[in-house]
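Listed below, chain by chain, are the residues.
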Amino acid sequence: MSTQKGRRDHYLPQGYLRGFIDPARENEDKPLWKLDIASKQWAERSTKAVGFVSGFYDYAGEGPELESLPSADETFLELENEFPIVREKLLSLRKKAFRNWTKHLDFLLRYMDMLRARSPLYFAQKEAEGKAMPTWTVAKVDGNKITLTSMEASPPPAAFIKNRTISHMREEVQKNGVSLRDLNWALRYTESISEPFVASEAPFLAETMPGVSEADALQHQDTLLYFPVCWQVCLFGSRQRFDLGTDKLGSDDMRVARRKYRLFAQDFLISPIKLDDISDFCGAQVPANTVAASATGPHTNDCC
């Protein structure tokens, strides 16, 4: 499956972003509200204009061998196509207070793990990991004798790191969220567009206890995972069992959830409506130990 290079590669699929559109704004050209974290300004945006990097999933370098490598499109195709369908099936359960929502859980775990693996955070961590790998360049091979250009190790080429990262990303997606299946999951929902769930550039989050290392965070019993499926629904995961598998959140809990995402966001937030109460929010009432679920575990974020 060949793909054009240099196009807009969405690390947040447009099908996912559409879940954060106010139904009353669906037919508008720019139906999403986006909060730019740096400027603290809200603006109306189309799904096409949010959550992308040009050429992000392009293999680096030139050569016929790159043409035979599987594309990112091939890796993402099934999950991207199915997600809007599954989301609508999930939302159809609203009249029954989301009873039996867990029949969609396996797919949602696969999807959220795909978002983790295709994220800029994952790529940044893999780039740092690649640059730390010691490598040597072979100048000549004569029988069993290998001559190196230098005895000093150096990082591998940038193209090697990029292509290695894409390969690892594909492997992660193909694991189908297996690392998330032994957790307990609960669904929380809101019924009011004026009190929505929001999402950041990295919507799959983990909140850890102070002092827990990144490597241990996802295994710790007090770590809480968040994944907003859309503005109406958010999944919560934990090693501990939840008292209620499904519940509607009140205004105070919804406000806390939005503020946690505001604390984590490095680039932007998306919302179905403009939310002035979190534009300048800086964490006075919310613990600042919210982190992003990423390559080898959660990544600590220094908030405000």
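Scroll up to find the structure this text is about.
Residues numbered from 1 in each chain as written. Predicted model: local features only at pLDDT ≥ 70, side-chain atom pairs only at ≥ 80, totals over all residues. Heavy atoms only, no water.

**Some details on the overall build of the protein chain**
Here comes step 1: Check the secondary structure of the protein chain and you find eight helices and 15 strands.
Here comes step 2: At a minimum sequence separation of 6, the contacts of the protein chain that also span at least 24 residues come to 73%. (Helix = DSSP H or I, 4+ residues; strand = E, 2+ residues; numbered from the N terminus. Contact = heavy atoms within 4.5 Å.)

**Overview of a nonpolar patch on the surface**
Here comes step 1: Together, Val-138, Val-141, Ile-146 and Leu-148 line one region of the surface with nonpolar side chains, adding up to about 340 Å² of accessible area.
Here comes step 2: Of all elements in the fold, only β5 (138-142) and β6 (145-148) reach the threshold of two or more residues within the nonpolar patch.
Here comes step 3: Structurally, Ile-146 is set in strand β6.
Here comes step 4: According to the relative accessible area criterion, Ile-146 is exposed, its value standing at 54%. (Patch = residues over 30% accessible without salt bridge, like charges linked within 9 Å, V, L, I, M, F, W, Y side chains within 5 Å. Areas by Shrake-Rupley, 256 points an atom, 1.4 Å probe, with all protein chains shown as cover. Salt bridge = Lys/Arg side-chain N within 4 Å of Asp/Glu carboxyl O. Buried < 20%, exposed > 50% of the residue type's maximum accessible area, 1.4 Å probe, protein only.)

**Some remarks on the state of the cysteines**
As used here, a disulfide is simply a covalent bond connecting the sulfur atoms of two cysteines.
Here comes step 1: Enumeration over the complete set of coordinates arrives at zero disulfides.
Here comes step 2: Note on Cys-230: no disulfide assigned, nearest cysteine sulfur contributed by Cys-234 at a separation of 9.5 Å.
Here comes step 3: The class for Cys-234 is buried, based on a relative accessible area of 2%. (Disulfide = S-S within 2.5 Å.)

**Re the packing of aromatic side chains**
Here comes step 1: Applying the stated criterion across every chain yields a total of 15 aromatic pairs.
Here comes step 2: With centroids separated by 4.9 Å and ring planes inclined at 45 degrees, the aromatic side chains of Phe-98 and Tyr-189 adopt a geometry described as tilted. Pair noted here: Phe-98 is in the loop between α3 (72-91) and α4 (105-117) and Tyr-189 is in strand β7 (residues 184-189), with a separation of 91 residues, a long-range link.
Here comes step 3: Judged by its relative accessible area of 2%, Phe-98 is buried.
Here comes step 4: For the pair Phe-107 and Tyr-111, a centre-to-centre distance of 6.3 Å together with 25 degrees between the ring planes defines the contact as stacked. Within this pair, Phe-107 and its partner Tyr-111 are both found in helix α4, separated by four residues, close to a single helical turn. For the residue pair Phe-107 and Tyr-111, the accessibility class agrees, reading buried in each case.
Here comes step 5: Pairwise contacts between aromatic rings join Tyr-11, Phe-56, Tyr-57, Phe-76, Tyr-122 and Phe-123 into one cluster.
Here comes step 6: The side chain of Arg-8 reaches across the aromatic face of Phe-52, ending 4.5 Å from its centre. (Phe/Tyr/Trp six-rings, centres within 6.5 Å; stacked < 30°, edge-to-face > 60°. Lys NZ or Arg CZ within 6 Å of the ring centre and 35° of its normal.)

**So, the side chain of Arg-116**
Here comes step 1: As for its placement among the helices and strands, Arg-116 is situated in helix α4.
Here comes step 2: Residue classification places Arg-116 among the buried residues on the basis of a relative accessible area of 7%.
Here comes step 3: A distance of 2.6 Å separates a polar atom in the side chain of Arg-116 from a polar atom in the side chain of Glu-172. (Polar contact = N/O pair within 3.5 Å; in protein donor to acceptor, adjacent residues only side chain to side chain.)

**Observations regarding the environment of Leu-244**
Here comes step 1: Of note, Leu-244 is situated in the loop between β11 (233-238) and β12 (246-248).
Here comes step 2: The class for Leu-244 is partly exposed, based on a relative accessible area of 43%.
Here comes step 3: Along the primary structure Leu-244 and Ala-186 are separated by 58 residues, whereas in three dimensions their C-alpha atoms are 7.2 Å apart.
Here comes step 4: Every residue in contact with Leu-244, bar those within four places of it in the chain, is listed here: Ala-186 and Arg-188.

**Considering the pattern of salt bridges**
Two side chains carrying opposite charge are able to pair once their charged atoms lie near each other.
Here comes step 1: Under the counting rule described, the total for this entry stands at 18 salt bridges.
Here comes step 2: The partner of Arg-7 in a salt bridge is Asp-73, and the shortest N-O contact between them spans 2.5 Å. Taken together, the residues span a long stretch of sequence, with Arg-7 in the segment before β1 (8-10) and Asp-73 in helix α3 at a distance of 66 residues.
Here comes step 3: Residue Arg-7 is classed as partly exposed on the basis of its relative accessible area, which comes to 31%.
Here comes step 4: With relative accessibility at 26%, the residue Asp-73 sits in the partly exposed group.
Here comes step 5: When the shortest N-O distance is used, the salt bridge between Asp-252 and Arg-255 registers 2.9 Å. You can see Asp-252 and its partner Arg-255 sitting in helix α8 (residues 251-264), three residues apart, about one turn around the helix.
Here comes step 6: With a relative accessible area of 29%, Arg-255 lands in the partly exposed category.
Here comes step 7: One salt-bridge network, held together by shared partners, links Asp-113, Arg-116, Glu-172 and Lys-175.

These values are about where atoms sit, not about what they do.
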